[in-house]
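Chain by chain, the residues:
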Amino acid sequence: MKKSIISAISIALIIFLGCSQEEIEEPEFEVLAKVGDRFITVDEFIKRAEYTIRPPYCKNDYGMSKKIILNSLIAEKLLAKEVNPDSAIEK
């Protein structure tokens, strides 16, 4: 009798603790960087690097060009994070 009560209490405790934890939503894609609550994925970085027009100083495939592309994506995410419905940018 005691074993069944103890096992029932322990199962109830495990279920309660397992369900009460807040789950963090992870993105489905491979994350390259996180800016606040927004993510920069590898696919987004590749699309930016290959499909957009880049200035002459950023046209090669060296490490510095990749850093410039990533920094511009981070800057866009920061700007998008700062925009709220009351800001002058929205109006």
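Everything below is about the structure shown above.
Quick caveat, the model's predicted, so the values are computed rather than measured.

Chemist: Provide a residue-level description of the side chain of Lys77, including the pertinent values.
Modeler: Along the chain, the position of Lys77 falls in helix α3 (residues 63-82). Under the relative-accessibility criterion, Lys77 is labelled buried at 19%.

Chemist: Run through the nonpolar core, naming residues and quoting values.
Modeler: Formed by Ala33, Val35, Ile40, Phe45, Ala49, Cys58, Ile69 and Leu73, the largest nonpolar core amounts to 8 residues. Elements with a minimum of two residues in this core: β1 (31-35), α2 (42-51) and α3. With sequence-adjacent residues up to four places away left out, Phe45 is seen in contact with Leu32, Lys66, Ile69, Leu70 and Leu73.

Chemist: Give me the lowdown on α3, citing residues and values where you can.
Modeler: Since one α-helical turn is 3.6 residues long, residues separated by three or four positions face the same way. Its 20 residues give α3 an end-to-end C-alpha distance of 29 Å, which sits within 8% of 28 Å, the value for a rise of 1.5 Å per residue. Among the residues of α3, Ser65, Ile69, Leu73 and Lys77 are the ones counted as buried. Buried residues of α3 fall within an arc of 120° about the axis and therefore sit on the same side. Of the exposed residues in α3, the ones pointing more than 90 degrees away from its buried face are Met64, Lys67 and Glu82. Buried residues along α3 sit against β1, β2 (38-41) and α2.

Rules behind the numbers
- Residues numbered from 1 in each chain as written.
- Predicted model: local features only at pLDDT ≥ 70, side-chain atom pairs only at ≥ 80, totals over all residues.
- Heavy atoms only, no water.
- Helix = DSSP H or I, 4+ residues; strand = E, 2+ residues; numbered from the N terminus.
- Buried < 20%, exposed > 50% of the residue type's maximum accessible area, 1.4 Å probe, protein only.
- Core = buried A, V, L, I, M, F, W, Y, C linked by side-chain atoms within 4.5 Å.
- Contact = heavy atoms within 4.5 Å.
- Expected span 1.5 Å × (residues − 1).
- Arc of directions from axis to C-beta.

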